[in-house]
Amino acid sequence: MATDNPFRALPSVDRLLAHERLRPLGDGERPVVAEIVRQALETARAAVAQGQPAPTEDQLVESVLGLAEAVFRPSLRPLVNATGVIIHTNLGRAPLSEDAIAASAAVAAGYSNLEFDLDAGARGSRFVHLESVLRQLTSAEAAMAVNNNAAAVLLALSSLPARPGARDREVIISRGQAVEIGGGFRIPDVLRQSDARLMEVGTTNRTYLRDYEAAVTPDTAAIMRVHASNFRIVGFTETPQIHDLARLAHEHSVLLLDDLGSGCLLDTTRFGLAPEPTVQESLAAGADLAMFSGDKLLGGPQAGVIVGRRELVERLRRHPLARAMRMDKASIAALAVTLVHYLRGEALEKLPVWQMISAPVTGIQRRARRWARAIGEPAKVVDGRSMVGGGSLPEESLPTKLVAIPSAEGAYVTDLARRLRQSDPPVVARIERDALLLDPRTVLPQQDSTLVQAVKTALRG
Ligand SMILES: *Cc1c(COP(=O)(O)O)cnc(C)c1O
């Protein structure tokens, strides 16, 4: 009989296409659905050829639905960050303020004067939209922004002018700062890309001003400081102050570049955190160019802001790489509004990152208790720490209250965490010492009931 042939057990494309469970995939997408059905059958045939049993029709329908979901549903989607890490690079860093979202949506929805000078009725520059607010905030002579800070650093190093008569463009960096910042962004590699030559000075833990001074040659184009964003060297350490570096650089007619990383505009010590170098301090100390991210402590969209001396910024704008690194209109709109929040003195109230950093523990405790009560057994409220994250304030944390769901066996907690990640929207929690931890600090207030529902569902298994 034909049933001996396992391939015969597989339905035809048409039969599978007619399956009622596949009907919701819609008529409009029919050719795509037919293609997906063909792919599912091909995979099944390959499995059968390997000696595996033929899948049932239900299993085939499941795999078609899975493939269809992967195709039709955008894989990038919002989620609930209950990890307590405020600037979480894997989770998209800074949430935007409501005003920034509105401004960016308005610009994205239609046409704008992105590169159009409304007074002259002629071509304009996309850089003008950020310049005046950045200058006001930082007292810089000039400012611009590109796609991210990695691009800003690469652009600054690439367009670094060589000194008259120099054969090379050397950049002096402390050995302790020639680091990997994360995601494979290594300062020595960026220097290689830019065609500037790295001159490492000092040792990993100690670099003195005289180390920099001894390394200056006629080929030196700049001294660069890189903020040690995601690690800290403690104990027997030495790093010159930024104003000493600036003085040394200028005595030798070379530039001082400052990669600030996070680009903080506010004093972090007000919240019990270590001081984070601010952009204003860097420029006031004499940095010729300072670079920082838009979506770390600044609390805006992905961007790399460059502020500093006018002729240098203008040189950067003219560099061919600037075109390749330019920001898009929606991000420019969001960044401009984010910066205006600082100008108006309303950053703490309007920017989610700063709302989270400055959130009083009493309010967090109230939310944690409410969650724990709504979730029920075995949830309880415990003390914990939230992290600032995002390559700013390494190891700095804020006291918080967590909802903990303890477990007798570790596997239960990892299972629970997985089920939470599979909810819609996904909820990402933290696991520590066999307990699943949920931190209200990083959960947007409007997500409270979503989170509670997801946890209740996940607990039911
Ligand atoms: C985060 C960081 C960068 C990279 O910034 P992106 O905006 O992520 O490209 C560069 N330098 C330092 C010191 C950083 O902390």
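Scope of this entry: the structure provided in the associated data block. (Residues numbered from 1 in each chain as written. Predicted model: local features only at pLDDT ≥ 70, side-chain atom pairs only at ≥ 80, totals over all residues. Heavy atoms only, no water.)

## Examining empty space enclosed by the protein
Cut-off, in case you're wondering: The definitions used throughout rest on a 1 Å grid laid over the protein atoms alone, on which a cavity is an enclosed set of points accommodating a 1.4 Å probe that cannot get out and a pocket is an open set flanked by protein within 12 Å on both sides along at least five of seven lines; lining residues are those having an atom within 4 Å of a point. Grid points are joined across faces, edges and corners, and a volume is the space filled by probe spheres set on the points. In this classification, Asp, Glu, Lys and Arg are treated as charged, Ala, Val, Leu, Ile, Met, Phe, Trp, Tyr, Cys and Pro as nonpolar, and every other residue, Gly included, as polar.
Under the defined criterion, the tally for this structure stands at 1 cavity of 30 Å³ or more. The computed volume of the largest cavity comes to approximately 40 Å³. Residue composition of the lining of the largest cavity, by class: 5 nonpolar, no polar and 2 charged.

## Here we look at the packing of aromatic side chains
Note the cut-off: Stacked, tilted and edge-to-face pairs are distinguished by plane angle, under 30 degrees for stacked and over 60 for edge-to-face with tilted covering the rest, among Phe, Tyr and Trp rings (Trp via its six-membered ring) whose centres lie within 6.5 Å. Helix and strand definitions here come from DSSP, where helices need a minimum of 4 consecutive H or I residues and strands a minimum of 2 consecutive E residues; each element is numbered from the N-terminal end. Each residue is assigned to one of three classes by its accessible area relative to the maximum for its type, calculated with a 1.4 Å probe on protein chains only: buried under 20%, partly exposed between the two thresholds, exposed over 50%. Whether a charge lies above a ring is judged from NZ of Lys or CZ of Arg, which has to be within 6 Å of the ring centre and within 35 degrees of the ring normal.
In the structure shown here, the tally under the stated rule is 1 aromatic pair. Arranged with centres 5.8 Å apart and planes meeting at 45°, the rings of Phe271 and Trp354 form a pair that is tilted. One end of the pair, Phe271, is in the loop between strand 9 (255–261) and helix 10 (279–285); the other, Trp354, is in helix 15 (residues 352–358), with 83 residues separating them in the sequence. Judged by relative accessible area, which is 18%, Phe271 ranks as buried. Of note, Arg210 hangs over the ring of Tyr208, and the distance from its end group to the ring centre comes to 4.3 Å.

## Here's the deal with the pairing of strand 5 (residues 142–146)
Short version of the rule: Any two strands with at least two DSSP bridges between them are considered paired.
Burial runs high along strand 5: 5 of the 5 residues are buried. On strand 5, burial covers both faces: Ala142, Met144 and Val146 on one face and Ala143 and Ala145 on the other are all buried. With 5 bridges connecting them, strand 5 and strand 11 (residues 304–308) associate as antiparallel partners. Counted as the bridge partner of Ala145 is Val305 from strand 11.

## A closer look at the pattern of salt bridges
Defined as follows: Salt bridges are defined as contacts in which a side-chain nitrogen from Lys or Arg sits within 4 Å of a carboxyl oxygen from Asp or Glu.
Under the criterion given, the structure shown has 31 salt bridges. Across the salt bridge formed by Arg197 and Glu170, the nearest N and O atoms sit 2.9 Å from each other. Highlighted residues: Arg197 in strand 7 (residues 197–201) and Glu170 in strand 6 (residues 170–174), separated in sequence by 27 residues. Taking relative accessible area as the criterion, Arg197 reaches 37% and is therefore assigned partly exposed.

## Quick word on the environment of Ala290
Basically, it comes down to this: Should any heavy atoms of two residues lie within 4.5 Å, those residues are considered in contact.
Summarising the element assignment, Ala290 is placed in strand 10 (residues 289–293). With 27 residues separating them along the chain, Ala290 and Gly263 place their C-alpha atoms 8.9 Å apart. Look past the residues within four positions of Ala290 in its chain and what remains in contact with it is Asp258, Leu260, Ser282, Leu283, Val305, Ile306 and Val307.

## Concerning the environment of Ile87
When you line up the elements, Ile87 lands in strand 2 (residues 85–87). Using a relative accessible area of 1% as the deciding quantity, one classes Ile87 as buried. For Ile87 and Ile223, which are 136 residues apart along the polypeptide, the C-alpha to C-alpha distance reads 29 Å.

## Let's talk about helix 18 (residues 448–459)
To keep it simple, the criterion reads: Given a helix with a known number of residues, its expected span is that number minus one, times 1.5 Å. Directions from the helix axis toward the C-beta atoms define the arc.
Here helix 18 spans 17 Å end to end across 12 residues, near enough to the 16 Å set by a 1.5 Å rise per residue. The complete set of buried residues in helix 18 reads Asp448, Leu451, Val452, Ala454, Val455 and Ala458. When helix 18 is viewed along its axis, its buried side chains cluster within an angular range of 165° and face the same direction. The positive-phi residue at the C-terminal boundary of helix 18 is Gly461, with phi of around 90°.

## Some words on the nonpolar core
As a reminder, the rule being used: We call a set of buried Ala, Val, Leu, Ile, Met, Phe, Trp, Tyr and Cys residues a nonpolar core when their side-chain atoms join them within 4.5 Å.
If you look at the biggest cluster of nonpolar residues, it comprises 40 residues, and the most contacted ones within it are Leu130, Val307, Leu335, Leu339, Tyr342, Trp354 and Ile357. Here this core takes 5 residues from helix 13 (residues 329–343), the largest share from any one element. If sequence neighbours within four positions are ignored, Ile357 has contacts with Ile86, Phe271, Leu273, Leu297, Val388, Leu398 and Arg441. Grouped together as the second largest cluster of nonpolar side chains are 36 residues, Phe127, Ala152, Ile181 and Phe185 included.

## A few points about the side chain of Arg206
Which entries qualify depends on this criterion: All tallies of charge rest on Lys and Arg as positive and Asp and Glu as negative; His and the ends of each chain are not included.
Structurally, the position occupied by Arg206 is in the loop between strand 7 and helix 8 (209–215). Of the buried charged residues, Arg206 lacks a salt bridge, with Glu238 as the closest side chain of opposite charge at 4.3 Å.

## A few points about the sheet that holds strand 5
Strand pairing within a sheet occurs via backbone hydrogen bonds; the two strands may be parallel or antiparallel. Just so we agree on the cut-off: To get an axis, fit a line to the C-alpha atoms, keeping to the stretch in contact for a helix; angles then go from 0 to 180 degrees between the N-to-C directions.
Reading across the sheet, the 7 strands line up as 5-11-10-9-8-6-7 and stay open at both edges, with mixed pairing between neighbours. Edge strands, defined here as strands with exactly one partner in the open sheet, are strand 5 and strand 7. Put simply, the sheet's adjacent strands are angled 20° from each other on average, direction ignored. Of the pairings in the sheet, the one linking strand 9 to strand 10 comprises 4 bridges and is parallel in character. Bridging across to strand 10, Leu257 finds its partner in Leu289. Contacts from helix 7 (residues 187–194) reach strand 6, strand 7, strand 8 (220–226) and strand 9 within the one sheet, and its direction differs from that of strand 6 by about 175°. Sitting on the sheet, helix 11 (residues 310–318) touches strand 5, strand 9, strand 10 and strand 11, and the angle it makes with strand 5 is about 30°.

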